[in-house]
Amino acid sequence: MQDLVLFLPCAAGVETHLAEEIRRIVPHVRDMQTSRAGVLLRGAWRDALSLNLHSRLAQRVLVRLAYAPYRDEEDLYEIGCDVSWEAWFTPRHTLKVEVTAQHSPLKSLNFAALRIKDAVCDRLRHKTGERPSVDTQRPDVRLFLHLTRDAASVYIDTSGEPLFKRGWREDKGDAPLKETLAAAMIAATGWQADVPLYDPCCGSGTVLIEAAQIALNMAPGRQRRFGFERLLPYQSHVWQAMRQQALAQEKRPGDAPLVFGSDISFRMVDFAKRNAERADVLQAIELRGGDALQRMPPSAQAGVLLLNPPYGERIAAAGAHGQNAASRAHTREARGPRVFGPASGASAPSAPSGLGRESARSEDGNENADFFAQLASHWKRHYSGWQAWLLTPDSGLPSQMRFKPSRRVPMWNGPIECRLFCFDLIEGSARKASPDATALGD
């Protein structure tokens, strides 16, 4: 299997970074094409294994087994029958077919999935005398059908569980950041391990752990199992040799950590420590409790502030000011009309839980905006020379902080469209307060 077509889906906005990562992992890559939410390339079976082991940005590694025009479900059945499924798995394997579509003329995607399943079962029964069973919960083999207006692509998954499941995160808050998105944020900053990285709202430590593993050259897939281990091309000795080579290339933590994190919730700091210990990077990270509005720089050397600031359902992680704002909002909610509105536009819970992420704005536009204005002032006074990167769905956040962003990188946090804003912090960089804060935007 030396000439496979591989497709690596990723979050929208991460495609360019994923293409660069692929070139580092498999330098001999051929015919690479970057499209929305994924990268297509030609490679060998060994490349698929290596990408599963080393990619921090991809959601899965898929092998494309068919690509053909179609008009109806019977065309899909014929496309499925032409695939040599017997080279990939046996009737003893269970399977699941998942379908995605863009502008497909078909009325039922469930029926499209059924026709692909029928094709797989009929071909294997013809070849072996037996047919596989379907298991929608824990299948041995995952197949993906993607439909456009007139073309069908059929893929077999080599990853199993999505690649953001690294195998180390057991303790988490209500709104954890996916490991793949945390890695994409780090990639977008251009951070190198010779400068400090600090997350003052670290939650369960996802950004910190990803950064520490990058600094120590740890493969993100070093602690987990993969779907390819159940496929027929899998050879245990080949995979174990690749994994041992990756482990041998890891670095030992230095005397002084360059990755730092803090959170006002000591419970979340404890979660982060336990996650870091499972990820084998606890010695490379310095973790402390503390209010983001009061924490001083963790090192004398200026570095990178990187955070996913509070929004959506949680304000408690912001700091003492944020908690006070949440308390006032809860009091108003008990009286009646006012609640905190989520930045994504979804309906808000009746009262803040104190564990999720809270919008940068309250309904009156002041309380949370005050927090971010105070945070900006704190950074201006104490973090001169640092570079701050914030991921948020709130396009008005720079105005609330009275900063001019030097960069803005579009990224999607699941279904939520966000921007990763970059602020170059120099003394006096925060703008003077104005009665019309929204007029000071980007």
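Structural data are supplied above this passage.
The rules we used
Residues numbered from 1 in each chain as written. Predicted model: local features only at pLDDT ≥ 70, side-chain atom pairs only at ≥ 80, totals over all residues. Heavy atoms only, no water. Helix = DSSP H or I, 4+ residues; strand = E, 2+ residues; numbered from the N terminus. Areas by Shrake-Rupley, 256 points an atom, 1.4 Å probe, with all protein chains shown as cover. Buried < 20%, exposed > 50% of the residue type's maximum accessible area, 1.4 Å probe, protein only. Contact = heavy atoms within 4.5 Å. Pairing = 2+ DSSP bridges. Axes fitted to C-alpha atoms, helices over the stretch in contact; angles between N-to-C directions. Core = buried A, V, L, I, M, F, W, Y, C linked by side-chain atoms within 4.5 Å. Phe/Tyr/Trp six-rings, centres within 6.5 Å; stacked < 30°, edge-to-face > 60°. Left-handed = near helix turned anticlockwise from the far one by under 90°. Nonpolar A, V, L, I, M, F, W, Y, C, P; charged D, E, K, R; others polar.

A.B. asks: Please clarify how the overall build of the protein chain should be interpreted in this entry.
C.D. replies: Helices and strands together make up the secondary structure of the protein chain, namely eleven helices and 15 strands. If you sum the accessible surface of the protein chain, you get close to 19800 Å²; carbon and sulfur atoms cover 46% of it.

A.B. asks: Sorry if this is basic, but what is going on with helix α3 (residues 73–81) here?
C.D. replies: Two residues of an α-helix separated by three or four positions point the same way, owing to the 3.6 residues in each turn. Among the nine residues of α3, seven are classified as buried, and the element is accordingly described as predominantly covered. Buried within α3 are the following residues: E73, D75, L76, Y77, I79, G80 and C81. Looking at the packing, one finds that the buried side of α3 touches β4 (62–69), α4 (109–128), β7 (141–147) and β8 (151–157).

A.B. asks: What's the story with the sheet that holds strand β12 (residues 304–307) in this structure? I'm lost.
C.D. replies: Adjacent strands of a sheet form backbone hydrogen bonds with each other and so pair up, either parallel or antiparallel. Across the sheet, seven strands lie side by side as β11-β10-β9-β12-β13-β15-β14; this open sheet has mixed pairing. Both outer strands of the open sheet, β11 (285–289) and β14 (407–413), are each paired with one neighbouring strand and no more. If you compare each strand with its neighbour and ignore which way they point, the axes differ by 20° on average. Across three bridges, strand β9 (residues 197–199) lies against strand β10 (residues 259–263) in parallel orientation. Residue pairing in the sheet places D199 in a bridge with G261 of β10.

A.B. asks: Quick question: what am I supposed to make of the nonpolar core here?
C.D. replies: One finds I22, L76 and F89 to be the most contacted residues of the largest nonpolar core, which totals 92 residues. Per element, the largest residue contribution to this core is seven residues, and it comes from helix α5 (residues 179–189). Contacts of L76, omitting those with residues within four sequence positions, involve Y70, L106, A112, I116, L145, L147 and A152. One finds L293, L375, Y383 and L397 within the second-largest nonpolar core, a separate group that totals 22 residues.

A.B. asks: Sorry if this is basic, but what is going on with the packing of aromatic side chains here?
C.D. replies: The geometry of two aromatic rings is summed up by the distance between their centres and the angle between their planes. One pass over the structure, following the stated rule, counts 13 aromatic pairs. A connected cluster of aromatic rings, assembled from ring pairs, spans W45, W88, F226, F228, Y234 and W239.

A.B. asks: Please explain the pairing of β4 as it appears in this structure.
C.D. replies: Each regular strand displays side chains that alternate between the two surfaces of the sheet. With three bridges connecting them, strand β1 (residues 4–9) and β4 associate as antiparallel partners. What sits directly across from L6, in β4, is V63. As judged from the seven bridges shared by β4 and β8, these two strands associate in the antiparallel manner. Each bridged residue has a counterpart across the sheet, and for A66 the counterpart in β8 is V154.

A.B. asks: Sorry if this is basic, but what is going on with the sheet that holds β7 here?
C.D. replies: Pairing within the open sheet is mixed, and its eight strands lie in the order β2-β3-β1-β4-β8-β7-β5-β6. Edge positions in the open sheet fall to β2 (30–35) and β6 (133–134), since each of these has one partner strand only. Direction of pairing for β1 relative to strand β3 (residues 38–43): antiparallel, over a ladder of six bridges. Each bridged residue has a counterpart across the sheet, and for L4 the counterpart in β3 is G43. Set on the sheet, helix α2 (residues 45–54) makes contact with β1 and β3; between it and β1 the angle comes to about 15°.

A.B. asks: Can you help me understand α2 in this one?
C.D. replies: Within α2, eight of the ten residues are buried, leaving the element largely enclosed by the surrounding structure. For α2, the set of buried residues is W45, D47, A48, L49, S50, L51, N52 and L53. On its buried side, α2 packs onto β1, α1 (15–25), β3 and α7 (236–248).

A.B. asks: Mind showing me how you'd approach the packing of α5 against helix α6 (residues 206–215) here?
C.D. replies: Relative placement of two packed helices is described by the angle separating their axes and the distance separating the axes. Running from N to C, α5 and α6 cross one another at 65°; their axes reach a closest spacing of 9 Å. Crossing of α5 against α6: the hand is right-handed. Of the residues in α6, those touching α5 at E179, A182, A183, M185 and I186 are T206, V207, E210, A211 and I214. Across the contact of α5 with α6, the residue classes break down as seven nonpolar, one polar and two charged.

In short, the description is geometric, and any link to function would need to be established separately.
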